[in-house]
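Overview (structure and organization)
So you can see what is in the structure, the chains are spelled out below.
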Amino acid sequence: MELPGFTKSLFPATIWVLLITVFVSVMSLSYKEQKEYVQNEIATHLEDLTNLKLQEITSWRENHLAVMDELVGSPFPRRFLEATTGGDIAQPVLADIRQRLRVLMDVRGYPAIVLKDTNDEVVLSVVSEHGKASYYEADARLHRIPEGDKTLTNVHTSPRGSIHLAVVGRIQHQQRLLGSIVIFVDPKRNLIPKLRHWS
């Protein structure tokens, strides 16, 4: 015996359940595809940003090493170090090299530049108005004369707690070592801003 209206009401309900199931399946599939698409877009964007930052940092590094190349290749640090081995340095020579280094510091934003002899003893330091020469001279003694022409040190924390990088260049003339030059770089000013902005 058949209940009146039971078959008729069951058929539309079955259709509705089937339609809802299909709809949920399609939406679920669409959601997964959309999620994968968004994840791929984010991964691509992050990879592009990482490559851009890597290029910026590589360019930043090469830029500072190029400054050292120019400085080591110019005659005035060599002449100054040669003069220091002879005893007293004439005031015009001292004033000239201080002025040249000061201009470089102002243009590049370096906090200090230190020249050392072959014994790693400081023979000249030029420091920005906010720095203390004795601090930079002590830090410069920590950076030995490089085996090659130049080197960029790792981020370094000095005994007094300041953070810096240094570009250290070897100064020689006709295969004779004369000393080294240390350019201090403030990473808070020159490097960290490049790393901070990821947009």
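Shown above is the structure to which this text applies.
Residues numbered from 1 in each chain as written. Predicted model: local features only at pLDDT ≥ 70, side-chain atom pairs only at ≥ 80, totals over all residues. Heavy atoms only, no water.

Estimates place the volume of the largest pocket at around 380 Å³. Of all the secondary structure elements, the ones that give two or more residues to the lining of the largest pocket are helix H3 (91–108), helix H4 (133–142), strand E5 (163–173) and helix H5 (187–190). Broken down by class, the residue content of the lining of the largest pocket amounts to five nonpolar, seven polar and eight charged. (1 Å grid on protein atoms, 1.4 Å probe; cavity = no way out; pocket = protein on both sides within 12 Å on 5 of 7 lines; lining within 4 Å. Points joined across faces, edges and corners; volume = space filled by probe spheres on them. Helix = DSSP H or I, 4+ residues; strand = E, 2+ residues; numbered from the N terminus. Nonpolar A, V, L, I, M, F, W, Y, C, P; charged D, E, K, R; others polar.)

Every buried residue of H4 is accounted for by Tyr-136, Asp-139 and Ala-140. Along H4, the residues classed as buried sweep out an arc of 105 degrees about the axis, all on the same side. Its buried side turned inward, H4 meets strand E1 (112–116), strand E2 (122–127), E5 and strand E6 (176–185). (Buried < 20%, exposed > 50% of the residue type's maximum accessible area, 1.4 Å probe, protein only. Arc of directions from axis to C-beta. Contact = heavy atoms within 4.5 Å.)

Right, let's get into the pattern of salt bridges. This structure, assessed with the given rule, holds five salt bridges. Where Lys-150 meets Asp-69, a salt bridge forms, and the shortest distance between an N and an O atom there is 3.1 Å. Of this pair, Lys-150 sits in strand E3 (residues 150–152) while Asp-69 sits in helix H1 (residues 6–73), placing them 81 residues apart in sequence. Overall, Asp-69 belongs to the partly exposed group, its relative accessible area being 41%. Connected through shared salt-bridge partners, Lys-116, Asp-120 and Arg-144 make up one network. (Salt bridge = Lys/Arg side-chain N within 4 Å of Asp/Glu carboxyl O.)

Our focus in this paragraph is the pairing of E5. In terms of strand pairing, E3 meets E5 through three bridges, oriented antiparallel. Looking across to E5, one finds that Lys-150 is bridged to Gly-169. As judged from the nine bridges shared by E5 and E6, these two strands associate in the antiparallel manner. Bridging from a neighbouring strand, Leu-165 pairs with Val-185 of E6. Hairpin connection from E5 to E6: two residues lie between these consecutive antiparallel strands, with Gln-174 at a positive phi of about 50 degrees. (Pairing = 2+ DSSP bridges.)

With that settled, the discussion passes to the nonpolar core. Counting residues in each nonpolar core, the largest one holds 26 residues, and the members touching the most others are Leu-101, Tyr-110, Ile-113, Leu-115, Leu-124, Ile-181 and Ile-183. Looking at this core, the elements that each hand over two or more residues are H1, helix H2 (75–85), H3, E1, E2, E5 and E6. Ranked by size, the runner-up nonpolar core spans ten residues in total, among them Val-122, Val-127, Tyr-136 and Ala-140. (Core = buried A, V, L, I, M, F, W, Y, C linked by side-chain atoms within 4.5 Å.)

This next bit is on the side chain of Thr-153. Along the chain, Thr-153 turns up in the loop between E3 and strand E4 (156–157). Classification of Thr-153 by relative accessible area gives buried; the value is 18%. Apart from the residues lying within four places of it in its own chain, the contact partners of Thr-153 are His-143, Leu-165, Ala-166 and Val-168.

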